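# Secondary and tertiary structure notes
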Amino acid sequence: MKRQLLFVGLLFALLGAGFALVEIHAGGATPKTSHDPEKEKFFEKEVKPILQANCFRCHGAESKIKGKLRLTSRDDVLKGGASGPAVSLKTPDKSLILDAINYRDLEMPPKGKLSQSQIDILTKWVKMGVPWSSSKVKATHGVPVVDDAAKNFWAFRPVSRSPKPEVKDTAWVKNPIDAFILAKLEAAGLKPAPPADRGALLRRVYYDLIGLPPTPEEVDAFMKDDRPDAYGRLLDRLLASPHYGEHWARHWLDVVRYAETNSFERDSAKPFIWRYRDYVIRAFNEDKTYNQFIREQIAGDELDQITPDTLIATGYYRLGIWDDEAPDKLLAFYDDLEDIANTTGQAFLGLTVGCARCHDHKIDPFPQKDYYRFLAFFHNIRRYGDKGDLRPIGSPEEIKKLQSEIAAIKKRLSETEKQIAEIEDAVKPKLAGGERDDFNFDQNRPLILKKNVGKLIDADEFAKYEALQKQREKIRREQPSAMNRALCVGEFGNVAKETFVLARGNPQAKGDKVEPGFPTVLTDAKANVPKESPFPHSAGRRRVLADWIADSNNSLSYRVWVNRIWQWHFGRGIVRSSSNFGYMGNPPTHPELLDWLTSEFIAGGMKLRDLHRLIMLSNTYQMSARADDAALAKDPENDHFWRFNMRRLSAEEIRDSILAASGNLNLKAVGGPSVFPVIPKEVLAGQSVPGNGWGASTPEERARRSVYVHIKRSLAVPFLVNFDVPDTDAPCPVRFTTTQPTQALGLLNSEFLNEQAKIFADHVRKGATTPADQVKLTLRRTTQRTPTQAEIDRGVRFLSDMQERHSLSADEALRRFCLLALNLNEFVFLD
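Residues numbered from 1 in each chain as written. Predicted model: local features only at pLDDT ≥ 70, side-chain atom pairs only at ≥ 80, totals over all residues. Heavy atoms only, no water.

### A few points about the overall build of the protein chain
For the protein chain, the helix and strand inventory stands at 36 helices and eight strands. Taking the principal axes of its C-alpha atoms as reference, the protein chain extends roughly 130 × 75 × 50 Å. In the protein chain, buried positions account for 51% of the 831 residues. Within the protein chain, counting contacts between residues at least 6 apart in sequence, those at least 24 apart form 69% of the total. On the protein chain, roughly 39,500 Å² of surface is accessible, and the fraction owed to carbon and sulfur atoms is 54%. Side-chain charges in the protein chain split into 119 positive and 111 negative, and the spacing between the mean points of these groups amounts to 2 Å. (Helix = DSSP H or I, 4+ residues; strand = E, 2+ residues; numbered from the N terminus. Buried < 20%, exposed > 50% of the residue type's maximum accessible area, 1.4 Å probe, protein only. Contact = heavy atoms within 4.5 Å. Areas by Shrake-Rupley, 256 points an atom, 1.4 Å probe, with all protein chains shown as cover. Lys, Arg positive; Asp, Glu negative; His and termini not counted. Charge placed at Lys NZ, Arg CZ, Asp CG, Glu CD.)

### Let's talk about the packing of aromatic side chains
Under the defined criterion, the tally for this structure stands at 45 aromatic pairs. Relative to Phe348, the ring of Tyr316 has its centre 6.0 Å away and its plane inclined at 65°; by these criteria the two rings are edge-to-face. One end of the pair, Tyr316, is in the loop between helix H15 (308-313) and helix H16 (329-349); the other, Phe348, is in helix H16, with 32 residues separating them in the sequence. When its relative accessible area of 2% is taken as the criterion, Tyr316 is described as buried. Under the relative-accessibility criterion, Phe348 is labelled buried at 0%. Ring geometry for Phe377 versus Phe518: centroids 5.7 Å apart, planes at 10°, classification stacked. Taken together, the residues Phe377 in the loop between helix H17 (368-375) and strand E3 (390-392) and Phe518 in the loop between strand E6 (510-514) and helix H22 (541-550) connect sequence positions 141 residues apart. (Phe/Tyr/Trp six-rings, centres within 6.5 Å; stacked < 30°, edge-to-face > 60°.)

### A closer look at unusual backbone geometry
Cis geometry marks the peptide bond from Met108 to Pro109, where omega comes out at -5°. Residue placement: Pro109 occurs in the loop between helix H5 (96-101) and helix H6 (116-127). Positive phi outside glycine occurs at Arg257, with the angle close to 50°. Checked against the element boundaries, Arg257 lands in the loop between helix H12 (242-255) and helix H13 (274-285). The backbone of Phe264 sits at a positive phi, close to 60°, despite the residue not being glycine. Of note, Phe264 is situated in the loop between H12 and H13.

### Structural notes on empty space enclosed by the protein
One pass over the full model with this rule turns up four cavities of 30 Å³ or more. Computed from the structure, the largest cavity encloses a volume of approximately 140 Å³. Along the wall of the largest cavity there are 17 residues; nearest its centre are Tyr317, Arg318, Asp336, Ile340 and Tyr384. Across the lining of the largest cavity, the residue classes break down as nine nonpolar, one polar and seven charged. Taken as a whole, the second largest cavity encloses approximately 80 Å³ of empty space. For the second largest cavity, the full set of lining residues is Ala283, Phe284, Lys288, Thr289, Tyr290, Phe293, Trp561, Phe601, Met606 and Leu608. Contributing elements (two or more residues each) for the lining of the second largest cavity: H13 and helix H14 (290-299). (1 Å grid on protein atoms, 1.4 Å probe; cavity = no way out; pocket = protein on both sides within 12 Å on 5 of 7 lines; lining within 4 Å. Points joined across faces, edges and corners; volume = space filled by probe spheres on them. Nonpolar A, V, L, I, M, F, W, Y, C, P; charged D, E, K, R; others polar.)

### A look at the side chain of Ser557
Following the sequence through the fold, Ser557 ends up in helix H23 (residues 555-570). There is a polar contact of 2.8 Å between the side chain of Ser557 and the backbone oxygen of Ile549. Once residues within four sequence positions are removed from consideration, Ser557 is found in contact with Tyr290, Phe348, Leu349 and Ile549. (Polar contact = N/O pair within 3.5 Å; in protein donor to acceptor, adjacent residues only side chain to side chain.)

### Overview of the pattern of salt bridges
Tallying each qualifying case throughout the model produces 54 salt bridges. One salt-bridge network, held together by shared partners, links Glu246, Arg655, Asp656 and Arg705. (Salt bridge = Lys/Arg side-chain N within 4 Å of Asp/Glu carboxyl O.)

### Overview of the side chain of Gln368
Its place among the elements puts Gln368 in helix H17. A polar atom in the side chain of Gln368 sits 3.3 Å from the backbone oxygen of Cys358. In contact with Gln368, not counting residues within four places along its chain, are Ala356, Arg357, Cys358, His359, Asp360, Val501, Leu502, Arg504 and Gly505.

### Some remarks on the environment of Trp566
Turning to its location among the elements, Trp566 is positioned in helix H23. The exposure class assigned to Trp566 is buried, which follows from its relative accessible area of 1%. Measuring from C-alpha to C-alpha, the distance between Trp566 and Leu597 comes to 9.6 Å, with 31 residues separating the pair along the chain. When residues no more than four places from it in sequence are discounted, the contact partners of Trp566 are Ile177, Ile181, Gly571, Arg572, Gly573, Ile574, Leu593, Leu597, Ile615, Thr620 and Phe641.

### Thoughts on the packing of helix H33 (residues 771-783) against helix H34 (residues 789-804)
Contact pair H33 / H34: the axes reach a minimum separation of 9 Å and the direction vectors enclose 115°. With respect to the hand of their crossing, H33 and H34 are arranged in right-handed fashion. Of the residues in H34, those touching H33 at Pro771, Ala772, Gln774, Val775, Lys776 and Leu779 are Glu791, Ile792, Gly795, Val796 and Leu799. When its residues are assigned to classes, the contact of H33 with H34 shows seven nonpolar, two polar and two charged. (Axes fitted to C-alpha atoms, helices over the stretch in contact; angles between N-to-C directions. Left-handed = near helix turned anticlockwise from the far one by under 90°.)

### Notes on the confidence of the model for the protein chain
Scored by pLDDT, the protein chain has a mean of 90; 93% of the residues are at 70 or more. Here residues 1-29 is a poorly scored stretch, pLDDT under 50, and it has 17 contacts once near neighbours within four places are set aside; other chains count. (pLDDT = per-residue confidence, 0-100.)

### A look at the nonpolar core
Of all hydrophobic cores here, the largest spans 140 residues; its most connected members are Val205, Trp252, Tyr276, Trp566 and Leu597. The leading source of residues in this core is H23, at nine residues. (Core = buried A, V, L, I, M, F, W, Y, C linked by side-chain atoms within 4.5 Å.)

### Remarks on the packing of H34 against helix H35 (residues 810-821)
Running from N to C, H34 and H35 point in directions that differ by 135°, and their axes come no closer than 9 Å. Overall, the two elements H34 and H35 adopt an arrangement that is oblique. Considering the relative orientation of H34 and H35, their crossing is right-handed. Contacts from Gly795, Phe798, Leu799, Met802 and Gln803 of H34 reach H35 at Ala810, Ala813, Leu814, Arg816, Phe817 and Leu820. (Parallel < 35°, antiparallel > 145°, perpendicular 65-115°, else oblique.)

Encoded structure:
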């Protein structure tokens, strides 16, 4: 009896301490947890989204459970599967689920290891005793659902502005960014790297803001400027430079897959699409607010005030690939719409909406119905290539002048074609057999007429015919002097097309009718599209979408944008997967900092230059890239931002820097039609018609910045390809950085580099006469610092060896030294 009382007393003592009970039932003992709201909240907020995103597809469905393991309840987790219980409450560190997610004995999920922060969350959950919330975890065939847990996922929650964290080393904190970074560093036992030296910081800032190196004169001026606000003045000057917009526009052009041709077999040019590129450059240079930047691209033709810029901005819809010979026109139409919807979802919302075209999204809480509701905003857009894509832009007087010029050109063309037809019609009845049939095709007529000179047509009449043919081609190539046209969006009219859910994405298998709507995981708000459009040429639906995305209460769109800005400054985002904020994306390494920056950006009027200054004035940005063995061991990926990441220059930065170092860079104008660098004939030979679609620019035009290089989808400039310019068929949120042999070969042996090295040497000779001064100037222009005496001596020896041992002229020796300098690691890498 005493033993029984002692056991009961111990049992109640354990209960009071919060230990788990054991319930005896037919299937064995199932431990239960005491009710703890905080632990349940942790499960609901942090654990459940990870399980839904990464585990339920194989371990959550009602059937076809892999390994006999189901993870949709606490009982299922503790019961386990074919390998045993997934969690051991007695020895949680030895739990199978922890072995699996750490890729020890098992490797789960098999599609890729979870991020360290996700692993930490699940480890903490296991050690807490696997708490579970009272709400039911839904998992139907592994498809995530839109429930309260999904809406509570970090990316879908409203922005929450955290207070500035308390830190020990308060002296290091220059602004709140530093406090957020340092708090994480101190918690991890890490220290921030020392400040970058003044020269390295100057070079970093120049490339970061304008994508160009500072000149020797600019280096000297900054190094001598000892005013306390010298660095801030430098930022202001570069942010006010027209070259700032040229550089930062390139970042956005990657995201929206900007190109100037259509891809597929013909890969024909998109006329005037370069105006969209120039619009983006202007938007950055004018510091256009981000909400306006969103509205102009998505609905620039439906705004209250429509301007040439807002119309040009809708060229956004014409950037994608286009099959002009699609065998199934209807399917091609929906393929194009998917391209638009997917690009819009990724670029502005960080969501992979295209994955829900054929079925519910397999990972994110994005049902198929939501995809078609989202698509309905774009459903009325005509396919590219249909009538009406080119629109006149400018003032009413300019448009009137343009229309007059176009009418005059059309009239002359019509008159010429009429004269050609009169000659052809006079001969055609006289032809016989196959020759008469062949005459029905335009391309055959000149040859057939030529064969019949002196028989069916006299020589003078044929000479007139040839002259008229040449005249017609000349008129067809003519452009109005104003050239003020732009490639814009066009709709079928102001009555919207009906939209249906398409089974398996097949346009022939219509399901339920849907109306335009926003993703349900983000908002319950209804899309109030107009019943009658106020616009004569569009349904007015895109304006509703644009206003919702641009609304300051839309936390996701602004988180995505602020994260991109951070990425373009630091080389990686606070969220590394900058176009995927869903379950399979990387969680933020500093979520509180991301939300603080987002709220600061919105409160500050959505002006990008203020955000630039905030970031670049922080000690976080001004750290050196110096490595530390202890920090590398703890944080090899620099997740905590304990140092600045060294990076290789982008393809465009390298090409522009070569032109700048050689003194050959053409910076005379901003904007304008694209230019065509020389492409080796061996590369052109790979085309079905060698050289087709690749124009000839003057040497001066070819020396323009790389942002102005014509982007032909089927014929990229080899030098830029070697250094990882993106594939423009799809959005590119983050560029790869590779190291490969063709980079070294291109920098050393290409015609472009050798040509620029000669120009570089000519430039150096004009500024320096002695070998030592020539070496010094060459290295200053490539490294943006004063070389050491040892480096100068080594360069002089190189020049001497080239002349004495290799019998080269002084000019050729200097050219080779300039080529060598353009191959230095210090030239192409940035600390």
